[in-house]
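Descriptive analysis of the structure
Each chain, written out:
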Amino acid sequence: MRAPAVLTVPGDVLAGAAATGRSADLSTACLAASSVCLYWAGMALNDWADRDLDAVERPERPIPSGRVAAPVALGAAVALTAAALGLATAAEGRRALTVAAPLAATVWAYDLWAKPRTAGPAVMAAARGLDVLLGARAGRTRSALPAAATVAGHTLAVTALSRAEVTGAQPWLPLTALAGTAAVTAATALSAGPARRGTRRGHRLAVAGGLLAYGATAGRAQAHAVTDPSAGPVRKAVGAGILGLIPLQAALTAGAGALRSALPLAAAFPLARALSRRVSPT
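Residues numbered from 1 in each chain as written. Predicted model: local features only at pLDDT ≥ 70, side-chain atom pairs only at ≥ 80, totals over all residues. Heavy atoms only, no water.

1. What to know about the overall build of the protein chain
The criterion, for reference: In this text, helices come from DSSP runs of H or I with a minimum length of four residues, and strands from runs of E with a minimum of two, each type numbered from the N-terminal end. Each radius of gyration is computed over the set of C-alpha atoms, and the globule rule expresses the reference value as 2.2 Å times the number of residues to the power 0.38. Two residues qualify as a contact provided that any one of their heavy atoms is within 4.5 Å of a heavy atom in the partner residue. Note on areas: Shrake-Rupley, 1.4 Å probe, and residue coverage restricted to the protein chains presented here. Only four residue types enter the charge count: Lys and Arg as positive, Asp and Glu as negative, with His and the chain ends excluded. All charge positions are set by atom: Lys at NZ, Arg at CZ, Asp at CG, Glu at CD.
The number of helices and strands found in the protein chain is 12 helices and 0 strands. Counting from the amino terminus, the protein chain carries its helices and strands in the arrangement α-α-α-α-α-α-α-α-α-α-α-α. Since a compact globule built from 282 residues should have a radius of gyration of about 19 Å, the 18 Å found for the protein chain is in line with a globular shape. Expressed along its principal axes, the backbone C-alpha trace of the protein chain runs to roughly 55 × 45 × 30 Å. In the protein chain, the share of contacts with a sequence separation of at least 24, taken over all contacts with a separation of at least 6, comes to 75%. Per element, the accessible surface of the protein chain, about 12,600 Å² overall, is 66% carbon and sulfur. Taking the 27 positively charged and 13 negatively charged side chains of the protein chain as two groups, their mean positions are separated by 13 Å.

2. Topic: the nonpolar core
So the rule is basically this: To form a nonpolar core, buried Ala, Val, Leu, Ile, Met, Phe, Trp, Tyr and Cys residues must be joined to one another through side-chain atoms within 4.5 Å. Whether a residue is buried, partly exposed or exposed follows from its accessible area with a 1.4 Å probe, protein chains only, as a fraction of its type maximum: under 20%, in between, or over 50%, in that order.
Judged by nonpolar contacts, the single largest core of 37 residues is most densely connected at Leu31, Leu103, Leu134 and Leu248. Mapped onto this core, the elements with two or more residues apiece are helix H2 (10-19), helix H3 (26-49), helix H5 (70-114), helix H6 (120-134), helix H7 (145-162), helix H9 (200-227) and helix H11 (245-255). Counting residues per element, this core draws most heavily on H5, which supplies 10 residues. With 20 residues, the next largest nonpolar core counts Val158, Ala164, Ala169 and Leu173 among its residues.

3. Here's the deal with the side chain of Arg128
Formally: We call two N or O atoms a polar contact when they sit within 3.5 Å, provided that within protein one can donate a hydrogen and the other can accept it, with sequence-adjacent residues counted only if both atoms are side-chain atoms.
Within the secondary structure layout, Arg128 lies in helix H6. In this structure the side chain of Arg128 is engaged in a polar contact, spanning 2.8 Å, whose partner is the side chain of Thr8. When residues no more than four places from it in sequence are discounted, the contact partners of Arg128 are Thr8, Val9, Asp12, Tyr39, Val151, Thr155, Leu245 and Gln249.

4. Brief notes about the state of the cysteines
Our working definition: Disulfides are defined as cysteine sulfur pairs within 2.5 Å.
Under the counting rule described, the total for this entry stands at 0 disulfides. Of all cysteine sulfurs, the one in Cys37 lies closest to Cys30, which takes part in no disulfide; the gap is 10 Å. Classification of Cys37 as buried rests on a relative accessible area of 11%.

5. Here's the deal with the environment of Gly129
Position of Gly129 relative to the elements: it lies in helix H6. With residues near it in sequence (within four places) discarded, Gly129 still touches Ala148 and Ala152.

6. Observations regarding the layout of surface pockets
Short version of the rule: In this analysis the probe radius is 1.4 Å and the grid spacing 1 Å, with only protein atoms considered; a cavity is a set of points the probe fits into but cannot get out of, a pocket is an open set with protein on both sides within 12 Å along at least five of seven lines, and lining residues have an atom within 4 Å of a point. Grid points are joined across faces, edges and corners, and a volume is the space filled by probe spheres set on the points.
In this model, the largest pocket occupies a volume close to 1,000 Å³. Around the largest pocket, the lining comprises 42 residues; the ones closest to its centre are Asn46, Tyr110, Lys115, Met124 and Ser162. Considering every element that reaches the lining of the largest pocket, the biggest residue donor is H3, with 6 residues. The wall of the second largest pocket is formed by 19 residues, among which Ala221, Lys236, Gly239, Ala240 and Leu243 lie closest to the centre. Listing elements by their share of the lining of the second largest pocket, those giving two or more residues are H9, helix H10 (231-243) and helix H12 (259-276).

7. Quick word on the pattern of salt bridges
For clarity, the cut-off: Any carboxyl oxygen of Asp or Glu within 4 Å of a side-chain nitrogen of Lys or Arg constitutes a salt bridge here.
Tallied over the full model, the rule gives 8 salt bridges. With a shortest N-O distance of 3.0 Å, Arg2 and Asp47 are connected by a salt bridge. In this pair, Arg2 sits in the segment before helix H1 (3-6) while Asp47 sits in helix H3, placing the two residues 45 residues apart along the sequence. For the pair formed by Arg2 and Asp47, the shared burial category is buried. Between Asp50 and Lys115 there is a salt bridge, with its nearest N and O atoms 2.4 Å apart. Here Lys115 lies in the loop between H5 and H6 and Asp50 lies in the loop between H3 and helix H4 (51-57), a separation of 65 residues in the sequence. Here Asp50 falls in the buried class, since its relative accessible area comes to 12%. Each member of the salt-bridge network shares a partner with another, and the members are Arg2, Asp47, Asp54 and Arg61.

8. Thoughts on the environment of Leu112
Among the structural elements, Leu112 can be located in helix H5. Separated by 62 residues in the primary sequence, Leu112 and Asp50 place their C-alpha atoms 9.0 Å from one another. When residues no more than four places from it in sequence are discounted, the contact partners of Leu112 are Leu45, Trp48 and Ala49.

9. Overview of the packing of H2 against H6
As a reminder of what qualifies: Note on geometry: axes are lines fitted to C-alpha atoms, helical ones only across the stretch in contact, with angles between N-to-C directions running from 0 to 180 degrees. Under this scheme an angle from 65 to 115 degrees is roughly perpendicular, one under 35 degrees roughly parallel, and one over 145 degrees roughly antiparallel; angles in between are oblique. For any pair of crossing helices, the crossing counts as left-handed if the nearer helix is rotated counterclockwise from the farther one by less than a right angle, and right-handed if it is rotated clockwise. Residue polarity is assigned by list, with Asp, Glu, Lys and Arg as charged and Ala, Val, Leu, Ile, Met, Phe, Trp, Tyr, Cys and Pro as nonpolar; anything else, Gly included, falls into the polar class.
Where H2 meets H6, the closest approach of the two axes is 6 Å, and the angle between their N-to-C directions is 55°. One element, H2, and the other, H6, form an angle in the oblique class. For the pair H2 and H6, the crossing hand works out as right-handed. Contacts from Asp12, Val13, Ala15 and Gly16 in H2 reach Arg128, Asp131, Val132 and Leu134 in H6. Tallied by class, the residues present in the contact of H2 with H6 amount to 4 nonpolar, 1 polar and 3 charged.

10. Here's the deal with helix H8 (residues 172-191)
Our working definition: Here, expected helix span is obtained from the residue count minus one, scaled by 1.5 Å. The reported arc concerns the directions from the helix axis to the C-beta atoms and nothing else.
For H8, which comprises 20 residues, the first-to-last C-alpha distance of 28 Å matches the rise-based estimate of 28 Å (1.5 Å per residue) to within 8%. Every buried residue belonging to H8 is among Leu173, Pro174, Ala177, Thr181, Val184 and Thr188, and all of these are buried. Down the axis of H8, the buried side of the element spans an arc of 95°, and every buried residue falls inside it. Those residues of H8 that are exposed and aimed more than 90 degrees away from the buried face are Trp172 and Leu190.

What follows is the structure, encoded as structure tokens:
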């Protein structure tokens, strides 16, 4: 299930909630849990779909190494998808289901069809964008579109780069990802909303801190991959791009004025980095 990567998921929902003025209540927590279940489902389904390719390129992965049977992985993906849809319905009924169902369909479409195709990065980006919209308050979805587009743009660049993490890349590919990181940083800084009364300094510090951590994590690894685009640095850049989502989400959440929601994301970032030393996020 890639423990470090799953910590990048709840922040999507929190960013969407913050952008629409939704409080971090029990229903928001259920939506975040739904999002996590869908991410886990996608991870399991990905390994099931790639089991033959992984047997050649990454025999250490759970299915080709024999640690997990292929039917178990597929069954886990089905069960987790059902759990995700159930949690979304319990959280907010039909409104949440109208986002969660297309999100689930997008996850399955990516793993079973889009991943090796040209449309793959765009489909993955769409999934992350929908994940942000899952947290939006009813009737305020439009307010969450900028945050969804920001997360989707980052995801598009990282997913495109991930296609070269086994073979290595031409320098233009990590350079494009680096340019995307710079654009996302600028867009997030410019879109940070006005601080709530009495929290202006904390608001600005949280946004700046999140963006600094985002650039230092994703941008630095991508810059290294530009100078050395072999498989190892590219894979590290992909992993850093995945982990970099957490401080980006924290910056987006703080930028919408939800400092209390941004703090748990900031705390999750060092945990995700520590876990990534034991379990690869890619």
